[in-house]
Amino acid sequence: MSELLATFIFFFAVIDPIGTVPVFIAVTAHYSEAAKRRIALRATFYSALILVFFVVAGEVILNAINIPLSAFQIAGGIVLFLFALTMIFGEGKPAEEKKAVSDGKETAIFPLAVPSIASPGAMLGAVLMTENNRFSLLEQSQTTALMLAVLAIVLLLLLGASYVHRLIGDSGASIISRVMGLILASVAVSNILSGIKTYFAL
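Criteria and cut-off values
Residues numbered from 1 in each chain as written. Predicted model: local features only at pLDDT ≥ 70, side-chain atom pairs only at ≥ 80, totals over all residues. Heavy atoms only, no water. Phe/Tyr/Trp six-rings, centres within 6.5 Å; stacked < 30°, edge-to-face > 60°. Buried < 20%, exposed > 50% of the residue type's maximum accessible area, 1.4 Å probe, protein only. Core = buried A, V, L, I, M, F, W, Y, C linked by side-chain atoms within 4.5 Å. Helix = DSSP H or I, 4+ residues; strand = E, 2+ residues; numbered from the N terminus. Contact = heavy atoms within 4.5 Å. Axes fitted to C-alpha atoms, helices over the stretch in contact; angles between N-to-C directions. Parallel < 35°, antiparallel > 145°, perpendicular 65-115°, else oblique. Left-handed = near helix turned anticlockwise from the far one by under 90°. Nonpolar A, V, L, I, M, F, W, Y, C, P; charged D, E, K, R; others polar.

## Examining the packing of aromatic side chains
Enumeration according to the criterion identifies 5 aromatic pairs in this entry. Each ring, one from F53 and one from F54, has its centre 5.8 Å from the other, and the planes form 90 degrees; the classification is edge-to-face. You can call F53 partly exposed: its relative accessible area is 46%. For F54, a relative accessible area of 26% puts it in the partly exposed group. With 5.1 Å between their ring centres and 80 degrees between their planes, Y199 and F200 make a pair best called edge-to-face. When its relative accessible area of 47% is taken as the criterion, Y199 is described as partly exposed. The exposure class assigned to F200 is exposed, which follows from its relative accessible area of 52%.

## Topic: the nonpolar core
Counting residues in each nonpolar core, the largest one holds 49 residues, and the members touching the most others are F11, V14, I15, L51, L80 and L184. Among the elements of the structure, α1 (2–15), α2 (17–27), α3 (33–64), α4 (69–89), α6 (112–117), α7 (120–128), α8 (137–159) and α9 (161–199) are those that each provide at least two residues to this core. Other than its neighbours up to four places away in sequence, L184 contacts F10, A13, V14, L80, F83, A84 and M87.

## Topic: the packing of α4 against α7
Relative orientation of the contacting elements α4 and α7 amounts to 150 degrees, with a least axis distance of 10 Å. In terms of axis orientation, α4 runs roughly antiparallel to α7. α7 is crossed by α4, and the crossing has left-handed handedness. Contact residues: α4 offers F72, Q73, G76, V79, L80 and F83, while α7 offers P120, G121, L124, V127 and L128. Residue classes in the contact of α4 with α7 are distributed as 8 nonpolar, 3 polar and no charged.

Structure below.
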């Protein structure tokens, strides 16, 4: 149970459902309520497709180009750590991604589905948390289910985005995003150490 909870918290950190709410509000500012619901459904659906693809095919692609999974784990951990640092010390996810909206790219795909929901950290995490050598098929299925559960939370928050945003504001979303970044940094360091241990057979 503790491992399942840890996995859920990991995906909650890398997907950051609460931090996505201000991005969604900015993207859909000029749409009707019905259109907002459609955009929320589409964005979550495409995000799920992307992340499930990385669960199913990510490791296969690595094996096809002869990259050891331990090397990818180290590299992925470094990227996750850098991603976490941007969450902690940067402008914060809401402020950073809402800039993309002001550039005219107001679609459900970008910046909402990618990179707000299916973030680079989430894509890497989907591969690292479903390694064939470390996890059984049942464990991988459980991990995928937990990832989809986080996406379901994303959908619920997007459908109630206006209320959530009034409740926490941009500042609240930024604070939560930074806390999630700190958790993600810890997970990233753990992945790097685990990859080094596996690669060097320590």
